[in-house]
Number of protein chains: 4
Amino acid sequence: MAYSERAWDKPHEECGVFGIYDLAGGSVARSLYDGLVALQHRGQESAGMSISDTSKERGNLKTKKDMGLVSEVFSADDLALMQGNLGIGHVRYSTTGESTPQNAQPIAMNYIKGSLALVHNGNLVNAKTLKQQQMLRGQAHYTTTDSEVLAYEIVSARTRTPSAEAAVLEAGSQIRGGYAVLVTSPRKLIALRDPFGIKPLAFGRRENAWMFASESAAIAAAGGTFLRDVKPGEMIVITPDGPVSDTSLCHQKQAHCAFEYIYFARPDSVMDGVSVHASRRMAGRLLARWMKTDADLVTGVPDSGLAAAEGYAAEAQIPFALAFHKNSYIGRSFIKPTDTLRRLAVHQKLSVIEEVVRGKRVVLIDDSIVRGNTMRQIVDMLRQAGARAVHVRISSPPFLHPCYYGTDVSSERQLIAAEASCDEICKTIGADSLQYLTVADLRESAGGLPLCTACFDGEYPCKCKILVGK
Amino acid sequence: MAYSERAWDKPHEECGVFGIYDLAGGSVARSLYDGLVALQHRGQESAGMSISDTSKERGNLKTKKDMGLVSEVFSADDLALMQGNLGIGHVRYSTTGESTPQNAQPIAMNYIKGSLALVHNGNLVNAKTLKQQQMLRGQAHYTTTDSEVLAYEIVSARTRTPSAEAAVLEAGSQIRGGYAVLVTSPRKLIALRDPFGIKPLAFGRRENAWMFASESAAIAAAGGTFLRDVKPGEMIVITPDGPVSDTSLCHQKQAHCAFEYIYFARPDSVMDGVSVHASRRMAGRLLARWMKTDADLVTGVPDSGLAAAEGYAAEAQIPFALAFHKNSYIGRSFIKPTDTLRRLAVHQKLSVIEEVVRGKRVVLIDDSIVRGNTMRQIVDMLRQAGARAVHVRISSPPFLHPCYYGTDVSSERQLIAAEASCDEICKTIGADSLQYLTVADLRESAGGLPLCTACFDGEYPCKCKILVGK
Amino acid sequence: MAYSERAWDKPHEECGVFGIYDLAGGSVARSLYDGLVALQHRGQESAGMSISDTSKERGNLKTKKDMGLVSEVFSADDLALMQGNLGIGHVRYSTTGESTPQNAQPIAMNYIKGSLALVHNGNLVNAKTLKQQQMLRGQAHYTTTDSEVLAYEIVSARTRTPSAEAAVLEAGSQIRGGYAVLVTSPRKLIALRDPFGIKPLAFGRRENAWMFASESAAIAAAGGTFLRDVKPGEMIVITPDGPVSDTSLCHQKQAHCAFEYIYFARPDSVMDGVSVHASRRMAGRLLARWMKTDADLVTGVPDSGLAAAEGYAAEAQIPFALAFHKNSYIGRSFIKPTDTLRRLAVHQKLSVIEEVVRGKRVVLIDDSIVRGNTMRQIVDMLRQAGARAVHVRISSPPFLHPCYYGTDVSSERQLIAAEASCDEICKTIGADSLQYLTVADLRESAGGLPLCTACFDGEYPCKCKILVGK
Amino acid sequence: MAYSERAWDKPHEECGVFGIYDLAGGSVARSLYDGLVALQHRGQESAGMSISDTSKERGNLKTKKDMGLVSEVFSADDLALMQGNLGIGHVRYSTTGESTPQNAQPIAMNYIKGSLALVHNGNLVNAKTLKQQQMLRGQAHYTTTDSEVLAYEIVSARTRTPSAEAAVLEAGSQIRGGYAVLVTSPRKLIALRDPFGIKPLAFGRRENAWMFASESAAIAAAGGTFLRDVKPGEMIVITPDGPVSDTSLCHQKQAHCAFEYIYFARPDSVMDGVSVHASRRMAGRLLARWMKTDADLVTGVPDSGLAAAEGYAAEAQIPFALAFHKNSYIGRSFIKPTDTLRRLAVHQKLSVIEEVVRGKRVVLIDDSIVRGNTMRQIVDMLRQAGARAVHVRISSPPFLHPCYYGTDVSSERQLIAAEASCDEICKTIGADSLQYLTVADLRESAGGLPLCTACFDGEYPCKCKILVGK
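Residues numbered from 1 in each chain as written. Chains lettered and ligands numbered in written order. Predicted model: local features only at pLDDT ≥ 70, side-chain atom pairs only at ≥ 80, totals over all residues. Heavy atoms only, no water.

K.L.:
If you had to explain the relation of the copies chain C and chain D to someone new, which residues and values would you point to?
P.N.:
In screw terms, the move from chain C to chain D is a rotation of 180° and a rise of 0.0 Å along the axis, fitting with an RMSD of 0.1 Å. In symmetry terms, the pair is related by a two-fold rotation axis. Taking C-alpha positions as reference, the residue of chain C nearest the rotation axis is C:Gln139, located at 2.6 Å. Interface residue correspondence from chain C to chain D reaches 100%, placing this contact among same-surface, isologous pairings. (Least-squares fit on C-alpha atoms with pLDDT ≥ 70 in both. Contact = heavy atoms within 4.5 Å.)

Pasting the structure below:
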C-alpha cells in the first residue's frame, strides 16, 4: 500500500503505533525509527517519538514530533540525541483533531508520578463526555485529540490507583471505541487493545527487547520476531522483570476492522491469525466465483488491488498481468484536494502500459470505491490505451455507513454507494460491468474471523454511536 | 540596551509581555508585533503570540510561538493569518524552565470555559508547592515553567468562580513572587501585577484599543499613548464595555525591581513615574559626587552605560565622548558560553576608537559587573588603544545576593562581588580605580521610589524565599 | 522503476531531459514540472528548469535548480514565478562532475546573442580535450560537468555561425559520445541526439506546444502526444514557425543503449519503436526457453524485474505471483553508501510475503547484478520466509566492461561478473542456480534493434574510448 | 554604523572584501569570518568565502556563498569544512547586477591554470565595453556583475602572460573605475587598488599571515596589525616567499571617496592616513564655525551622526547629549522599500528620549540627506517629544550628481538636493534651520587628503563617465 495523499480517493487509517523496551538497556531509537518507517503507510501527516533511559533518574523523557514523514521529522542527529532503552512512536493521519503540529503524538506530560508518554491508534466514541468531565476537574487540554482525553483518564486514575498499569486499566474501563494504546510510565511499557479488537496490535521481541506494533511487519522491520497479537481487551505490561498480561477487560464479542484486510495493512502482515495477503487473494477468488466474465486479462490497481487480481485470475483461469506503471516520486507540493488536482494526481501517479492492454477485454480489480472519481479516470485511461472492455471488480462491499472507530470514510467525502445503485455507479465510472464483494464473502476471505463490518451493513459492534460528536 | 547573548556578562531579565484588545474590532496582529519588537531587549530566546477574534464563536484562538527573535518567528504571512482583535504576546529569556520550544509562551489551553492564553514576566516563589497540589488534582504539565503553574491556578479557580477575572484574582491570592501577567479569556483581556510592584506593567490606549506592556516605550511603538502604570497588586480587566480596575490585592509595601532602572528597561521608558534615562543619568551624577577623579575623558560602555556617563561628565566637569564602536551584526552561530568564545564575543562586538582615548586618562562607566571578565577585557582594550589611566565607575551597587523574582544573576554565574573586595575586583579587572554606586544613591537616583534592592543588601520584600526550589 | 538511492546496487542513469515550446504563448511551467516528475526515476540528485517568455525582450530567462527531487526543488510559488512559453528542465544523477548544487542543470549563461540554457543527458568521451581547448581560449568553467563543455562549444561556434542551430550543429560535429541535448536560444528550442542514438530522445506535441523528452511516457504525462523519436544524429529546431529537421550529422551505424530496455526506462515508454515493457517480457521468455527449471512459482524483484518474471512464467508455464512488499516511504536521511546501511536499506525497502513463498521452489527474476550484495540479501530473505529453493534468473548479460556513455556501473563499484564465474556468483549470492540472458537473446528481446552492448561484450560503437579521462 | 536596510534613506556602499594567506599553513577560515563580520556594515545582502589549502594539489578551492549576513550564511559546521590557509571573502550590497544568489561573490572559476577566485568592491565604468569584447571571444557570463567582467579580463590575460600577477596587472590596465580587488591563484594572493584610490584597501599581518581588508578595523578584528594602505594603483602579491609590491599602474592624481569618511567606514578605521572618527568630529566643528546657532542641546542621529555632533557641541559650546534610543532587534521581514514601510522602519528603529529633549532647542546632526523623508520623520519625532526648535546640520555637502564608482545614491532614489534649494529642503523636512557642510570644509575635515567629491560638485576624477551603461 503506498498511496499517501489525501487526494487519493480511499478510506484513510488514522495512525500506527510502535513501542519498544529493551530490558538489557540497549538504545532503541533506531529500532523505533525502523518500526515507524514500516508503518508509514498508516499515516503520513505527522510523526513522533518519546524515549527515556530507565537507568537514569526520572524525568529524562525526550520527545520529538512534527508534521511530515518519519524520515523528514527525524535526522540522524535527532536519533543520536534520543538516547534511551524505552520508547514509543507514532505516525498519524488525522481523523479527529485538526491537522496541526500540536496534535502530533506522542502526548508527553508530567504528572504526579513523573513523565508519561502515550500513543494511540483509534477513536473513542465517548471522548466528548469524558473531556467535559475532565475540564470540570480543571484538566486543561493542549490538543484537540481524543488521545489527550485518554491520557487524562490515565492521569486522573493514577491519583487513586497503586500503579500505572492499574490506572491504564481503570481508564480502559471508562473509554469506549476502537483503540490500540501504548503508554510509558517511567519504568514500564504498557499496551492496551480495545475489547472488540477493532484496532490491531502485535507483540514481539528481539532478545531482551519487547515490542508492540500496529502490524506484525513492523516488528520484523525492527529486527524482532512476532510472538502473537495482543488479545482484544488485553493489557500487556513490560516491567523490568518481563511481560505481564491482564485480561480483565476482555469479553466474548470480537469485531476486527475489516478494512485492515481489505486495504490498510501491509500484505506481509498477519493480524489475528489471518494473513493479509491471503485474505486479499481469497477475496479475488470469491469475486470470480460469483460471476463469470469473458475477458482476456486480469489486472489490479497497484498496489492494494494486485493480490485480489492474482486470486481472481487464478480462479477465473484468465491471464494476470501488471498493466500499470506507478511513479513513486510524486511530490506533495501540489497535491491539494481540489477535483482538478486530484485528477492530475492520478495521472501523475499511474499510467497504463499500452502494450499490455491494447485490444484486450480487461478485468480490473480494486479494493474499494469511495467517491468514484479516481476509478472513473482509471477506467478512462485503460480505454484510451486500447482496452476493448473494462470490467471492474471491487474486493470489498459497498460503503454505506460511517465509521466511528477511526477510519475516515465519511463526512467531507460523499459515499457514492450510499447514493447510487450498482448500475448507476457502473455508469458513472464508465465500466462495462461492476461487481462488489458480498459481506458474506468478505467474512469468508478473512477465514471466518469475526469482523466489524459496520461501514458495509450498519452492524456496529456496540450501541454507543449516539455518543459521538465533535 | 542591546546585548542579546548569554555570553555577555550581564544580569538577564526573563521576559517582556504585551497585550492589546481593540474593542472596535480592528486587527491587532501588527501592533502586537511592533510592541514585541520594542520589548525584544527583554528576552531573545523565544517569541510568541495568541490572537482571537471576539466577534466569532469561541474557540478561534490562534497561537504561534517558537525559539528565536520576534522577526524570526513571525513572517508577514504568519501575521496575515493571525486575524483577530484580542491578542497577547511574549518574548522570553529563560530563567526557570529549560530553554526549549515547548516552554515558549503564550501558554494556550482549552478549559471548561473555552480557550485561555497567558503570558507572564516574573518568578513565582511558591511554584513548586502549587505544582504539587495541581498534580495531585490530576492536572498534567506540558512545560517546566511556573507560568503553566499560574495558568492552572486560574483554570482551577475558574471551576468555582463566576467569571474569568474572579478566577485570576483568586489565583493571584495564591501565588507569591514578582509577576506581570496577561490573560485572555474568550472576550476579556485581564492584566495583573504583583502586589509589591516588582515587575513593571504599563497601561495605554490607541482609540478603542487598550494595551498593556512591560514598558511604556512598547505602547508608543505600537502607536498608543501611555496612560499610567498598572498599580502594584492591581488587576485591570478590559471587557467589551471598557476597562475595570480591581485593587483588592493591593497592599502598602512596594518594592520595584532596581534593575529595571539600572539596566533592563529602555531609556525611553518611564516606570512608576520615574524616567529610566533620568535615573541613569542621575546615578552617574551621584557617582561623581562621591569621589573626585582626575581624568581627561568620561565614556560609557554602550549602550546602557552611556546615560550614566553623560551624568558623570556633567557633574565632574570632564568632557564626555563616545569611545567605542559597536558592531550590530554579530551573529549567534558561534556565541556559546565558553570563556574563549565570550572573549571573542566582546572583541567582535566592541572596539575602541583609538583617536578618542590615546594618551587620555579615562573614566569608564558601566552599569554592573557580574563576573568581571567582560570588564577586564574592555579595560585592556582601552589600554591597548593608548589610555593612560582607566577609572571604572559602576552605576549600581555590588551584587551580593541571588534574586528570586525573575532576574538571572546567580546560580551558574559567579558573583565576583560576593567573593572579592572592591580592591580585589579593581585588581582583577586591571583598573586604576573602581567605585560602585551606594544603595542609598541608587534609591536617590530613582527619585526615592521604593525599590527592591534584595540583590544588593539581602532585604527581600517578603519572607517567602524559603519556599524556593526547582 | 523506483529505486532512488545510490545505496541500491544497480547501474545508474545520469539524467533525464524535458523541453517544451508553446508557439501559441501559453505558460509551460506546469507541463515542464509534470514532464520532469515523470522522468524522476532517471535521476534524483538535482533538478532544475530554465524558462523564458519569447514575447518579451531578450534576457528574461529565469533559472531555478537545486539538489533534491523535482517536488522538493519546486514549490507552487516557484512555478507561479516561472512564467514563460519556452522552457527546458533536467533531473540528474551525477556520473561526471561532483554531486554539488553548482553542477545541477540547466546550464544557463549569457553569451554574445543573449541568454542560452542547456540540458544534457549523456557523456562526451572527448570532453577533456575540448575543455583544454576552451580554456586556452579563455573560457572559464564554473562547473565540473561535460555539459558545460558542450555549452561552450556552442557558444564558441556561435561567434562564427549565422544562427543558434548552426552553432549547435557545429558543436555536434566536434563532440563524441552519447548524448541527448536540448538548448534554448532566445526564440528557439533546439534538440540534438547523438549519431549512434545511444541516448534516447522523444518528440511530441500538444496543440501548438512542441515537446522533447528522454522518454515518451513523459510526453504523455505532460499532456502531449508522442510523435516519433528524434533520429540518431538528427537535430530538430522548434522555431516560431514550427519544427525544422536537420539530418546532416546522421550516419548509418546505430547503437542504442541496451540498459534503457533492461532497466532505466519506464515500462510504459516506447523507444526507437520498441516497447520497453514488451522487451522486458520477451527477455523473461527467452530466459525460460534456454533452460528448464523445476519450480512452483516465478516472481520478480519489484519493480523492474516484474515484467521479465511475467514473461518467464508464461513461457515456463509456472505460476507467477508477487512475493514482495515494497515500502515507498523510505527516507533518505540514513541512506549513505556504507555496507551496513546498504543492508538496512534493502530490508527497509523490501520484505517478503511469507504466505506466498513458504514451502515453494522459487524462480526469482531481476534485471541485473552489479556487486551481488543486494541479491544475496534478497535470496536470504526468501529462504528465511520458507522458500525451498531459489533460482535466480537475470534478464541481462553479465557486466564485464565499463560504460563511457553515461551509465554509472564502474569505477567505485566492483563488477562481480568481471571477477567471478557464473558458478562463483551463484555461490556468493546463495542461490540454487543462476542464469544470465545471453547477448544474442538480449538483441532478440529488443526486436533486433541495433543495441550498444559494450558493457557486456566490449564492442564500443566508436573507437574513441582512449580519449576518456577526467 | 549600523543601518542595514535598503529602506533607510542613505547612500549605500556596495561591498567589503577581506583576504588572508597564512604562509605558515595555518587555517584561515575563522579569521576570514571575523574579518567579514567586521565589514558587515558595508553590505548585508550576500556573503561568501573561497578557501584553498596551498599544501595540497591544485583544484581544492572550496567556495560557499549565499544571500544573507555572514552569520547566516556560515554555520560552525561550514567553517570546519572550509579548511585551508589561503582565502578571500566578500560582503555585498548590490549596486550593479541584480540581487540574486548567483551574483554573490567570490567569483570562483576554473581556468587554464587551475582555480581562480575573485572578490571586488567598486564599479568598473567600462564594464559594458569589456563585456562585449569578452562575449565576442566566446566567454559566457553566469552573473550580471562587473566583477565577472574583471575576472574574465584576468583569465584572458593569463593565456598570454607568464604569471597570475602579470595577468592581474594587464587586466588592471584595461579597466577603468574605482575598485579594490583580491584574487587567489593556486598559491598566491593578489591585491589591486584602483589608481585614483577611490576604493580603500588596507594591508596588515599577524605573524606569517598576510591580510587585506576594505578597512583597517577588520584587520584588527581578525587579530592582525594594520601595516599600511595599499597605495592607489599598487598591486601587492603575497607569494610563498612573502609580499611583493608593484606600482606600475600608480599615477599622480588621487581621489579618495569622500563618503568613506562621511558615512561608510567604521569610526575606528583609519584610511589613507586619516582617522574616520577624527574627520567626522572635525566636520562637526567646521559646521559650527560657519554659523552660530542658539540652542540648548546638540545631538546626532545614531550612529554615524554622533561624532560630528560631539565636534559641533565642543566647538559651539553647547551641551551634547544622546537623545535617541535605537532598537537593535529590527527584523528584516517587513522591511520592504515602500514609503509606508520606510516610515514604520524609522519608528521601530529610533525613538526619542523625551526626558532629554523636552523644552529644548535642539541642534540635530546627521551625515547626509538623500530623499529627505527619513529626516522629516526624525524632526517630527523630536517636536512630538517636546523640542522647542530643531536645527538640522548635515556633515556633508548636498548630493547633486550620480556616482559611477560604486556608491548607490542615484537612479531609483530622488536626490532631493538636486531638485530643491536649501530653504525648500528645510521646509520639507520641517526644520527651523538647515545647514550643509561646504565642499571646502569637507576637504579640510579629511585633513586635506585629495578626495573624490564628484557627487557634490560633478568633478569626476576621470572623464570616462560617458562609457557608463548597463
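K.L.:
Outline the pattern of salt bridges, supporting the account with residue identities and numerical values.
P.N.:
Evaluation of the coordinates by the stated rule reveals 78 salt bridges over all chains. Here A:Arg443 makes a salt bridge to A:Asp457, at a shortest N to O gap of 3.8 Å. In this pair, A:Arg443 sits in helix H16 (residues 439–445) while A:Asp457 sits in helix H17 (residues 454–457), placing the two residues 14 residues apart along the sequence. A residue is classified by how much of its surface remains accessible, and A:Asp457, at 27% relative accessible area, is partly exposed. B:Arg228 is the salt-bridge partner of B:Glu234, the closest N and O atoms lying 2.8 Å from each other. By relative accessible area, which is 0% here, B:Glu234 ends up buried. For B:Arg228, a relative accessible area of 27% puts it in the partly exposed group. A cluster of three or more residues bridged by salt bridges with shared partners is formed by A:Arg42, A:Glu215 and A:Glu260. (Salt bridge = Lys/Arg side-chain N within 4 Å of Asp/Glu carboxyl O. Helix = DSSP H or I, 4+ residues; strand = E, 2+ residues; numbered from the N terminus. Buried < 20%, exposed > 50% of the residue type's maximum accessible area, 1.4 Å probe, protein only.)

K.L.:
Summarise the pairing of strand S3 (residues 46–52) of chain C; cite the residues concerned and give the values.
P.N.:
Residues and elements named next belong to chain C. Among the seven residues that make up S3, seven are buried, leaving the element largely enclosed by the rest of the structure. Along S3, one buried face is formed by Ser-46, Gly-48, Ser-50 and Ser-52 and the opposite face, lined by Ala-47, Met-49 and Ile-51, is buried too. Sheet topology places S3 next to strand S5 (residues 86–92); seven bridges connect them, and they run antiparallel. Within S5, the position partnered with Gly-48 by the bridge is His-90. Examined bridge by bridge, S3 and strand S4 (residues 62–67) share six bridges and lie antiparallel to one another. From the neighbouring strand, Ser-50 faces S4, where its bridge partner is Thr-63. (Pairing = 2+ DSSP bridges.)

K.L.:
Go over the confidence of the model for chain A with me, naming the residues and quoting the values.
P.N.:
Residues and elements named next belong to chain A. Per-chain confidence: chain A averages 88 in pLDDT, with 89% of residues scoring 70 or above. When the criterion is pLDDT under 50, residues 332–338 qualifies, and its contacts beyond four places in sequence or with other chains add up to 19 contacts. A low-confidence stretch, residues 465–470 stays under pLDDT 50, and its non-local contacts, those more than four residues away or across chains, total eight contacts. Predicted complex, confidence summary: ipTM 0.90, pTM 0.88. (pLDDT = per-residue confidence, 0-100.)

K.L.:
Break down the packing of aromatic side chains for me, with residues and values.
P.N.:
All names here are of chain A. Considering all chains together, one arrives at 36 aromatic pairs over all chains under this definition. With 5.3 Å between their ring centres and 35° between their planes, Tyr-404 and Tyr-460 make a pair best called tilted. With Tyr-404 in the loop between strand S22 (389–394) and strand S23 (407–408) and Tyr-460 in the segment after H17, the pair connects residues that are 56 residues apart, well separated along the chain. Classification of Tyr-460 as buried rests on a relative accessible area of 5%. These aromatic residues form a ring-pair network of at least three members: Phe-259, Tyr-263, Phe-264, Phe-399 and Phe-456. (Phe/Tyr/Trp six-rings, centres within 6.5 Å; stacked < 30°, edge-to-face > 60°.)

K.L.:
Tell me what's going on with the sheet that holds strand S9 (residues 188–193) of chain B, and back it up with residues and numbers.
P.N.:
All names here are of chain B. As summarised here, the arrangement of the six strands in space is S6-S7-S8-S9-S13-S14, forming an open sheet in which the pairing is antiparallel. Both outer strands of the open sheet, strand S6 (107–111) and strand S14 (242–246), are each paired with one neighbouring strand and no more. Neighbour-to-neighbour, the strand axes of the sheet open up by a mean angle of 20°, direction not taken into account. Summarising the sheet, S6 and strand S7 (residues 114–124) pair through five bridges and their orientation is antiparallel. If you follow Tyr-111 over to S7, its bridge partner there is Gly-114. Against the sheet, helix H6 (residues 164–174) makes contact with strand S8 (177–185), S9, strand S13 (235–239) and S14, and its axis sits at roughly 20° relative to S9, the strand it touches most. (Axes fitted to C-alpha atoms, helices over the stretch in contact; angles between N-to-C directions.)

K.L.:
Can you lay out helix H1 (residues 29–38) of chain A for me, pointing to particular residues and giving the numbers?
P.N.:
Every α-helical turn comprises 3.6 residues, leaving residues that sit three or four positions apart pointing alike. Among the ten residues that make up H1(A), nine are buried, leaving the element largely enclosed by the rest of the structure. Residues of H1(A) that are buried include every one of A:Ala29, A:Ser31, A:Leu32, A:Tyr33, A:Asp34, A:Gly35, A:Leu36, A:Val37 and A:Ala38, and no others.

K.L.:
Any chance you could break down unusual backbone geometry for me, citing the residues and the numbers?
P.N.:
A cis amide bond links D:Gln105 to the next residue, D:Pro106, at an omega of 5°. Among the secondary structure elements, D:Pro106 is positioned in the loop between strand S5 (86–92) and strand S6 (107–111). Put simply, D:Pro302 and D:Asp303 share a cis peptide bond, and its omega is -5°. Within the secondary structure, D:Asp303 is located in the loop between strand S18 (297–300) and helix H10 (306–316). Its identity as a non-glycine residue notwithstanding, B:Glu207 has a phi of 50°, on the positive side. Positionally, B:Glu207 belongs in the loop between strand S10 (202–206) and strand S11 (209–213).

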